[in-house]
Amino acid sequence: MIAVLVETDADGVLVVSQEALTFGRGLAERAGGVPLHAVAVGRPGEEPPAVVLAQLGEQGVASVHHVVDDRLTAYSAAAWAAALVDVAHSAGAAVVLAAGTPRGNEVLAHTATRLDVAMAANVVGIDAVGADPGDPLIVTRQVVGGAVLEQMQLGDTVAVLSVAGHAVEPAAAATATTPEVVEFSPTMTDADLVARVVRTGEKVPDASGALTSARVVVGAGRGAGSADGFKDVVRLSELLGGAVGVSRVVTSLGWRPHHEQVGQTGSRISPDLYIACGISGAIQHWAGCSSAKTILAVNTDPDAPMVTRAHYAVIGDLHEIVPAINDELDARRT
Amino acid sequence: MTDVLVCIKRVPGASGEVLLSDDGQRVDARHVGWTLSAHEECAIELATQVAGATGGTATVLTVGSADAIEQLRDALALGCDRAVLVEAETDRFGPVDVAAAIAEVVRAHEAAGTSYGLVLLGNDAADTGDFQVPVRLAYALARPVVTGIATCTVEGDLVVAHGDGPDGPETFELPVPAVVAVMEGGVAPRYPSVMGRMKAKKVAIEQVAAEIEPVGSGRVRLTLPPEQPSQVQVLGQGADAAPAVVDLLEELGMVSR
Amino acid sequence: MATVPSSARVVVIGAGIVGNSLVYHLAKLGWRDIVQIDKGPLPNPGGSTGHASNFIFPVDHSREITDLTLDSVEQYREMGVFTQSGGFEVARSEERMEELRRRMSSARAWGIQSELVSPEQVVEQVPFLDPSVIVGAFWTPSVGVVDSLRAGTIMRERALELGALQVVATVEVVGLDVEGGRITRVRTSGGDIEADTVVIACGVWSPALAEMAGAHIPLTPAVHQMISVGPIPQLADREGEISYPIVRDMDTFCYERQHGADMEVGSYAHRAILHDVGEIPSIEQAKLSPTEMPFTSDDFDPQLEQAFELMPDALGADGAEIRYAINGLLSLTPDGAPILGETPEVKGLWSAAAVWVKEGPGVGRLVAEWMTDGPPEVDLSHSDIARFYPHQQTRAHVRARTSEAFNKTYGIVHPGEQWSSDRNKRLAPMHASQQQLGAVFFEAVGWERPFWYASNEALLGDYGDAVLPREHEWDSRWWSPIINAEHLAMRERAGVVDLSAFAIFDVVGSAAVRAVQHAVVAQTDVAPGRVVYTPVLDQRGGFRSDLTIMRLGDDHYRVVTGGAHGMVDRKTFVDAMPADGSAQVVDLTSAYTTIGLWGPRARDILGSITAADISHDGFGFGRCRDIEIDTMSVLASRISYVGELGWELYLPMEQGARLWDLVLSAGAPHGAVPVGIGVYATTGRLEKGYRAMGAELDSERTVPEAGMMRPRVKDADFVGREAYLKQRAADPATVLCTLSVDDHTSASGQRRFMLGGEPILAHDGEPLVDGHGHRPYVTSAGSAPSLGTHLLMAYLPPDQAVVGTQLAVSYMEERYPVTVATADATPPFDPTNERIKGEQ
């Protein structure tokens, strides 16, 4: 069977976990119709919410391993991994997978270590399943911030892999199922509970929160020229009620604060509109902004990656174009 | 007093277009040079902060070729006190092997009298993105580990680490010795000062060979994703394009009138 | 994808400082339908201009470079992008102070205000500099920084306003088409452009562009490391980009230049890091820009320490970090000079490459003039692309010489300094014999030429102090008193000189007379067997060359010229040939060697090995003909560049060693000695007042000014004739004179000898200015052993150009009295040329 670690919130199964389920189902079908199982961490004394069960059924999940244990009320990667290992052993998993979230990757790293097998992070495709059970699995995964694909061979016992965001679109199975719910309490030691969350703070909409939740982000890069070169960009973001986002080089040079950084190592944004001014579009940055619904690039170089990947572009110097846009906005308002 | 070990990796710099070696086994860094992952730059900053606050030392370690001494010196210039190069053919090393090689050094240093209360690493390497070395290292050393950490301090016998969780900012408290994987964003990495750089040059670097038969990374080959044909619609050149831009903004419903 | 127009009057490839200045000046000179393209985006397409440190120190030992710089500064000022900061070149050693004194000579010669100052005076303006590290400095108040990108934009805009220009960015040249030796088309990623004039102004990429057309631009991309340290509170406290003078730390080959709150430290001290053009990344592949390559910190570490030593307070300030560090690419050439002009390989294809920001606008203006009317106002002969011999265009030569020169960027380079790399590549046939004679070889365009022979050391005992010994190490570096001993032996008996480095080419064909007549000033429609010495002028009447021409037959001339200008002269003649092929140039440089035999005993010596009639009546001066020497047929030409009776003997290269041995052994009983180029090019020439191309003669000088007017001007038309006639009719604005040094004693009591380039002042030290507004300087300097004096040549204001006028020369910041010895071409030695005539 194939076990998928599922993360949930108040709305049910996270979209990324749904993607992982769809990905896992595809793999199960290719392997000759092996069953798809889900593993979800729940609260002691509570059934899995109906919405979760419905979503899992939609994905064709046969069984849900519902982990319930008092010790798991606070997140601990080692404890979650202990649960996955138990499932893998008890139900005979050939593949253990999860969404490539920070938590997914962390739990899988523990799981792979405990199972003493290899792990593939951020997988986007399966290249070879193998004719016989036990044949190595060959996957393609994202490396170098998504700019490069690596073909990787996994070990011959249990394959552990995380699924990169957007690797597949979540899709319903041809036939919905009614998943069987198997409650269980994993085998854990005290050591598995040492590194666990002792406090969770309030989600505060801080500055970077404003950036990740903004409908419009106006970005600027090296093309701004200096710390003083952002005033028009800031003004445009104010006129549109949006946030300012910058490329890594800008924070590196100390021109703008780090919480404004968009990219693989900064904030990943998915606004309705991203206006990228003077940003060439290095892969690190693209990784953070590619989910924007519409991208408008302003750049002197029509061949810059940001321009060729954008939906709309204006060619020229941001210091001429952005003030002109601001003036036009002002003019139309009055 | 906490002696900190911070583990770094020499990785290719970033650009808009990545080049691969002809055999598809590695990224060709000839135009972009070599650097550290951003996560590791923050880990170095945290390492020097913790060492400074507790009166301990910060040792930087890398597993790689002799060329990686360049990155060790960069870390020394940022305030690390000592440096260790574990010489290895990194192409043959997977995350299991890197973790084992680091664990060997930690044990050897412990035997020699330096025990690291805190081992810091980057959350994942900018090139291979395995997300595993910190966790595998922790198991090899039988120490607690937490990943995705933005800031951390050592308070007595506890490592207090903060990161972002799905429900809000999370705090972990781990007994020392512990392993922490750092994610960029909590601290601003520094650039070297002139004096730091001068000091770094004079530090003797400990060089050891990795006594490991590597299990490898499972890499078959690297490829570049197919470039999507550009669909861009050019609205105009220079300031003259402003009306077209504002038309678009209105069309997308971005302008409140 | 940008697209280009289908045709243009001229295509300028490149939108860096050079391409931008060029399109502006072309437009200003009336050109229209100019198309400028660049593969990068504007205003910074990613070349070397984009990361330049943008500062300008105007004083250079080279007059040509100084003129280009001063013109550029003028243009930057006019555009409002020049900020004057002043600049110090600081010395950490006494040896460097001496070099700075020599720099003062150049400053005085070119009329640039500078002064030597104490460490305390430096600290007054640069308070964060540690004065204990330095011993003094050279202060130039007119040093400043420019905004080269803004300047480029302004110049493009001006050309656009004139309706002369179309700019297309982000198109890449993929091919240059050549038909019948002429450029016809630029093929680009955005379409083809038909054009018969194309300029390559592509900086480090230029060699690859030239190669597309089968031409050569022999430069190499090379790394110059630069870091930026900041923020530094001392700098941040003052407004603006630059408020402290720029400091060049000459002995460590570094500079410190304020840029806002940051200090940029640049270095020419690291190992030479050369790249091939193919190794430069594309814009997409580059980390920053294609010419800002990844920094290699190990190479810079030693400089970091030296910079810190000089400015500990600034570079060690709290919070100051190394925030930006690059291996910036710039263009280096094998001889350090730019590469300008029409390529000799392809008509209509021009180069404007290997130019620094400090020279960019000046180069743009002058190359535009060159493309419009022929020769530009300022002499650019040292930068002429036609100067390179084939071996100098090879990648290996470029790499060797630029590697050697890189660390000399701020070095103390003696005017006589020889290259150590890529030597022993062009060897005369008698080279083995010369080695046995202990020749000390100097290099000229690849040729190894004996400068003097150790075998003549014994002559020093014969002549004693008549060899004018030099006490100071600098004055005697790359020099030997043996040169003067050889000189005296030649004047007394005879000397044998290897002249293999001559460039030799024949002009043949039915139209040879017309073609040669049109190319040169002197009457060349002479009887076969005559030898003619003649200037070659450009359209403005400036010197293009001076050379000798032998008429060997009705439709056959042989042109002989100095090796240094051989390739430029060849291009001049090739360009002068009729299109129908009725006259052609045949290069014979590698076919013939030349041996000079001169001195009072020359006729006796030659007579002992030939049966030919070489008496004065049988072989007069200025004649040439084949004679037989043993079993060799030798073309003998009775002329002299040293003022003695004698011949140049031309024969096939492979027989050169034999004739050399024969002449030496025949000469031995007569006391003949082998004589080096030290005599031929300096002492012998100066005593006779002979002018040398590149020293006294260049495109800014005229025949009347050089004192080389002949009584008549031939009727036949020739290049520059009209200008020359006008010059003859006017009073010269400046006059070439020979001066003798009256007293060599310096303040320390040591006798000093000038080497060239020094300013000539009034007796009381006041500067002189000639009719062109130029200050006089020494164009050539050297011993005159037969006169027992040291001679200088210089162009003087006409009112000073009077025999007997007492003036002064400034050398290493001391003044020495000099007297005008001749104010025309009259030889200081043997003024009536009795010796050459050799009539007895």
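Just so you know, these numbers come straight off a predicted model, no measurement behind them. (Residues numbered from 1 in each chain as written. Chains lettered and ligands numbered in written order. Predicted model: local features only at pLDDT ≥ 70, side-chain atom pairs only at ≥ 80, totals over all residues.)

Asks: Looking at this structure, I do not really get the overall build of chain A. What am I missing?
Replies: Scanning chain A for helices and strands turns up ten helices and 17 strands. In terms of principal-axis extent, the alpha carbons of chain A reach across some 65 × 45 × 35 Å. Residues classed as buried in chain A amount to 58% of the 334 residues present. Considering only contacts within chain A whose residues lie at least 6 apart along the sequence, 67% involve residues at least 24 apart. (Helix = DSSP H or I, 4+ residues; strand = E, 2+ residues; numbered from the N terminus. Buried ≥ 20, exposed ≤ 12 C-beta atoms within 10 Å, placed from the backbone. Contact = placed C-beta atoms within 7 Å.)

Asks: Is there a simple way to think about the sheet that holds strand β1 (residues 2-6) of chain A in this case?
Replies: Across a sheet, strands are paired by hydrogen bonds formed along the backbone, either parallel or antiparallel in direction. Judged by pairing direction, the sheet is mixed, and its ten strands sit side by side in the order β11(A)-β5(A)-β4(A)-β1(A)-β6(A)-β10(A)-β7(A)-β8(A)-β9(A)-β14(B) without closing on themselves. Lying at the two open borders of the sheet, with one neighbouring strand each, are β11 (180-184) of chain A together with β14 (219-223) of chain B. Each neighbouring strand pair of the sheet contributes to a mean axis angle of 35°, computed without reference to strand direction. On top of the sheet, helix α4 (residues 102-115) of chain A reaches β1, β6 (95-99), β7 (119-128) and β10 (159-163) of chain A; it is set at about 175° to β10(A), its chief contact. (Pairing = 2+ DSSP bridges. Axes fitted to C-alpha atoms, helices over the stretch in contact; angles between N-to-C directions.)

Asks: Where do I start with the interface of chain A and chain B in this structure?
Replies: A common way to express how large an interface is: the accessible area buried when the components associate. Contacts between the two partners involve 69 residues from chain A and, on the opposite side, 63 residues from chain B. When its residues are assigned to classes, the side of chain A that touches chain B shows 36 nonpolar, 19 polar and 14 charged. Looking at chain direction, strand β12 (residues 197-200) of chain A and strand β11 (residues 168-175) of chain B are connected through three bridges and run antiparallel. Residue pairing in the sheet places A:T200 in a bridge with B:E170 of β11(B). (Nonpolar A, V, L, I, M, F, W, Y, C, P; charged D, E, K, R; others polar.)

Asks: I tried to follow helix α3 (residues 94-110) of chain C on my own but got confused; where do I start?
Replies: In an α-helix, one turn spans 3.6 residues; hence positions three or four apart end up facing the same way. Residue and element names in this part refer to chain C. If you check α3, its first and last C-alpha atoms are 24 Å apart, about what 17 residues at 1.5 Å a residue would give, namely 24 Å. Within α3, 13 of the 17 residues are buried, which leaves it mostly tucked inside the rest of the structure. Backbone geometry just after α3 places G111 at a positive phi near 75°. (Expected span 1.5 Å × (residues − 1).)

Asks: Would you take a moment to explain the pairing of strand β12 (residues 191-194) of chain C for this structure?
Replies: Regular strands have side chains that alternate between both faces of the sheet. Residue and element names in this part refer to chain C. Taken together, the four bridges between strand β11 (residues 182-188) and β12 define a ladder with antiparallel strand orientation. Note that in β12 the partner of V186 across the bridge is I193. Remark: two residues form the turn of the hairpin made by β11 and β12, two consecutive strands paired antiparallel.

Asks: Help me understand the domain arrangement of chain A, please; the structure alone is not making it clear to me.
Replies: Residue and element names in this part refer to chain A. The domain architecture assigned to chain A consists of domain 1 (2-193) and domain 2 (207-333). A C-alpha centroid distance of 36 Å is found between domain 1 and domain 2. Across the boundary between the two partners, domain 1 contributes four residues, which contact four residues of domain 2. In the side of domain 1 that touches domain 2, the residues fall into two nonpolar, two polar and no charged. (Domains from an automatic or database assignment.)

Asks: Explain the packing of helix α16 (residues 512-519) of chain C against helix α17 (residues 566-576) of chain C to me, please; I cannot follow it from the model alone.
Replies: Helices that pack against each other are described as a pair by the angle of their axes relative to one another and the distance between those axes. All names here are of chain C. Between α16 and α17, whose axes approach to 9 Å, the crossing angle comes to 125°. Considering their axes alone, α16 and α17 lie oblique with respect to each other. Helix-helix and strand crossings are classified by hand; for α16 and α17 the assignment is right-handed. Facing α16, whose interface residues are A515, H518 and A519, α17 presents T572, F573 and A576. Classifying every residue of the contact of α16 with α17 gives four nonpolar, two polar and no charged. (Parallel < 35°, antiparallel > 145°, perpendicular 65-115°, else oblique. Left-handed = near helix turned anticlockwise from the far one by under 90°.)

Asks: Would you mind showing me how to read the nonpolar core here?
Replies: Grouped burial of nonpolar side chains is what soluble globular proteins tend to show. Formed by 273 residues in total, the largest nonpolar core has its most connected members in C:V11, C:I13, C:I34, C:A352, C:L597 and C:L792. The residues contacting C:I13, other than those within four sequence positions of it, are C:I37, C:V173, C:V198, C:V199, C:I200, C:A201, C:C202 and C:L209. (Core = buried A, V, L, I, M, F, W, Y, C linked by C-beta atoms within 7 Å.)

Asks: Would you explain the confidence of the model for chain B in this entry?
Replies: The predicted coordinates ought not to be read in detail in places where the model reports low pLDDT. Summarising the model, chain B shows a mean pLDDT of 93, and 99% of its residues fall at 70 or more. Predicted as a complex, the structure gets a pTM of 0.90 and an ipTM equal to 0.93. (pLDDT = per-residue confidence, 0-100.)

Asks: How should I be thinking about the environment of A:A167 in this particular structure?
Replies: Residue and element names in this part refer to chain A. Tracing the sequence through the fold places A167 in the loop between β10 and β11. Sequence-wise, A167 and R333 are 166 residues apart; in three dimensions their C-alpha atoms are separated by 43 Å. With sequence-adjacent residues up to four places away left out, A167 is seen in contact with E19, F23, V123 and V124.

Asks: Explain the interface of chain C and chain A to me, please; I cannot follow it from the model alone.
Replies: Between chain C and chain A, the residue contacts involve eight residues of the former and six residues of the latter. Broken down by class, the residue content of the side of chain C that touches chain A amounts to four nonpolar, two polar and two charged.

Asks: What am I meant to see in helix α15 (residues 481-492) of chain C here?
Replies: Residue and element names in this part refer to chain C. Taking 1.5 Å as the rise per residue, α15 with twelve residues should run 16 Å; its terminal C-alpha atoms sit 17 Å apart, in good agreement. Of all twelve residues that make up α15, eleven are buried, and the element is covered over most of its length. Buried within α15 we find P481, I482, I483, N484, A485, E486, H487, L488, A489, M490 and R491.

Asks: I tried to follow the environment of C:E99 on my own but got confused; where do I start?
Replies: Residue and element names in this part refer to chain C. Within the secondary structure, E99 sits in helix α3. What makes E99 buried here is the crowd of 24 C-beta atoms within 10 Å. Sequence-wise, E99 and E256 are 157 residues apart; in three dimensions their C-alpha atoms are separated by 20 Å.

Asks: Quick question: what am I supposed to make of the packing of α15(C) against helix α20 (residues 677-687) of chain C here?
Replies: All names here are of chain C. α20 packs onto α15 with a crossing angle of 75° between their chain directions and a minimal axis gap of 9 Å. Here α15 is positioned roughly perpendicular relative to α20, judged by the angle of their axes. Two secondary-structure elements touch here, α15 through I483, N484, E486, H487 and M490 and α20 through G678, V679, T683 and G684. Of the residues in the contact of α15 with α20, the class split is three nonpolar, five polar and one charged.

Asks: Quick question: what am I supposed to make of the sheet that holds strand β38 (residues 789-796) of chain C here?
Replies: All names here are of chain C. Judged by pairing direction, the sheet is antiparallel, and its six strands sit side by side in the order β36-β39-β40-β35-β38-β37 without closing on themselves. A strand with exactly one partner marks an edge of an open sheet, and here the two such strands are β36 (760-762) and β37 (778-784). Each adjacent strand pair in this sheet contributes to an overall mean axis angle of 40°, direction not counted. Relative to β38, strand β35 (residues 735-741) runs antiparallel, the two sharing six bridges. Considered in β38, the bridge of T738 is made with M793.

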